[in-house]
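Close look at the chain arrangement
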Amino acid sequence: MNRGLIIIPVLLFNPGLIQTGFAFEWDEDMRDQPSIKAQESQVNTNSGSVPQSGKETILPPADMSELVQARLSAGDLENPIAKSGESLNRGKVVYDIHCATCHGAQGHGDGKVGKKYVPDPMNLTIDYVQLQPDGQLFYTISHGSIAMPYYRDVIPIADRWHIVNYIKYVLSKPGTGNKP
Ligand code: HEC
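These remarks concern the structure in this document. (Residues numbered from 1 in each chain as written. Predicted model: local features only at pLDDT ≥ 70, side-chain atom pairs only at ≥ 80, totals over all residues. Heavy atoms only, no water.)

**Section: the packing of aromatic side chains**
As a reminder, the rule being used: The criterion for an aromatic pair is that two Phe, Tyr or Trp rings (for Trp, the six-membered ring) have centres within 6.5 Å, with stacked assigned to planes under 30 degrees apart, edge-to-face to planes over 60 apart and tilted to the rest. Strands are runs of DSSP state E lasting at least two residues, helices are runs of H or I lasting at least four, and both sets are numbered from the N terminus onward. Any Lys NZ or Arg CZ that is within 6 Å of a ring centre and within 35 degrees of that ring's normal is treated as a charge sitting over the ring.
Counted according to the given criterion, the structure contains two aromatic pairs. Ring plane angle 10° and centroid distance 4.1 Å describe the contact between F138 and W161, whose orientation is recorded as stacked. A residue pair is termed long-range when its members are at least 10 positions apart, and F138 in helix α7 (residues 134-143) and W161 in helix α8 (residues 157-169) qualify at 23 residues. The lysine or arginine in question, K83, covers the ring of Y169, its NZ or CZ lying 4.8 Å from the ring centre. The aromatic ring of Y150 is capped on one face by R152, whose charged end is 3.6 Å from the ring centroid.

**Section: unusual backbone geometry**
Cis peptide bonds are those with omega within 30 degrees of zero, and the linkage from V118 to P119 qualifies with -5°. Along the chain, P119 falls in the loop between α5 (100-103) and α6 (127-130).

**Describing the coordination of the iron atom of the ligand**
Filter applied, for reference: Metal sites are built from N, O and S donor atoms within 2.8 Å, or 3.2 Å for Na, K and Ca, and they leave out water, so they may look incomplete. For four-coordinate sites, all angles between 85 and 135 degrees define a tetrahedron; for four- and six-coordinate sites, opposite donors beyond 155 degrees with the remaining angles between 65 and 115 define square planar and octahedral shapes respectively, and all other cases count as irregular.
Looking at the iron atom of the ligand, the protein donor atoms are H103 (NE2) and M148 (SD), and they sit 2.0 to 2.2 Å from it. For the iron atom of the ligand, the six donor atoms in the first shell make angles of 83 to 179° at the metal, so the coordination geometry reads as octahedral. Of this pair, H103 sits in helix α5 while M148 sits in the loop between α7 and α8, placing them 45 residues apart in sequence.

**So, the packing of helix α3 (residues 64-73) against α7**
Note the following rule: As a rule, the C-alpha atoms of each element are fitted with a line to give its axis, helices using only the stretch in contact, and angles between N-to-C directions run from 0 to 180 degrees. Roughly parallel refers to an angle under 35 degrees, roughly antiparallel to one over 145, roughly perpendicular to one between 65 and 115, and oblique to any angle outside these ranges. Handedness of a crossing is defined here by the sense of rotation of the near helix relative to the far one, left-handed for an anticlockwise turn of less than a right angle and right-handed for a clockwise turn. Here, residues are in contact when the closest pair of their heavy atoms is within 4.5 Å. Following the grouping adopted for this structure description, the nonpolar residues are Ala, Val, Leu, Ile, Met, Phe, Trp, Tyr, Cys and Pro, the charged ones are Asp, Glu, Lys and Arg, and the polar ones are all others, Gly among them.
Their axes nearest at 8 Å, the elements α3 and α7 cross at an angle of 140°. Taken as axis vectors, α3 and α7 run oblique relative to one another. As α3 packs across α7, the resulting crossing turns out to be right-handed. When α3 is examined against α7, the residues L67, A70, R71 and L72 are found in contact with a partner set consisting of Q136, Y139, T140 and H143. Partitioning the contact of α3 with α7 into residue classes produces four nonpolar, three polar and one charged.

Structure (structure tokens):
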């Protein structure tokens, strides 16, 4: 059969595939409508208002090549949250909620959703991840990656840094990365 006849219906019924190659929003679903949900505020925020958790310091990338470049530059960002028992505990809570589905409880890239994902979610315990500056990991969580969704609208800034600490100090393999 003509290959076009197969590809066109595949794209029509899987619009997500058209976006493949650039980060998308994780919680895109039919609940996201203009209607006001139970307990949702009707107060419009002022355009100049800043969330209590702080303003985004880096803007979302426009495309894939900008993402790669901006992620490298984000390596200069300083992690404002020191590694502490409290931070690692919080990091685990947020990691288990948002990341373990794909990256697995131990960070090996083998979460239940991850196993169905193409490409495979990254193993977060390997040197490629463990040796990245904190700011680069923060950037990936904030703005996503090639196929990974972004979390800037879902995870508050401080929690993103707690996850970075958790990846570096708990998920790393003993004897490598940052784990003693
Ligand atoms: C829906 C599945 C999914 C979820 C949920 C997910 N990821 Fe990913 N992640 C991926 C995939 C797939 C890749 C590898 C391909 C890519 O880079 O997009 C990846 C790559 C990464 C990378 C490596 C990026 C690089 O190349 O430098 C890091 C770091 C990472 N994820 C961290 C996280 C953290 C932290 C969370 C939770 C906040 C998370 N991911 C949630 C699917 C996911």
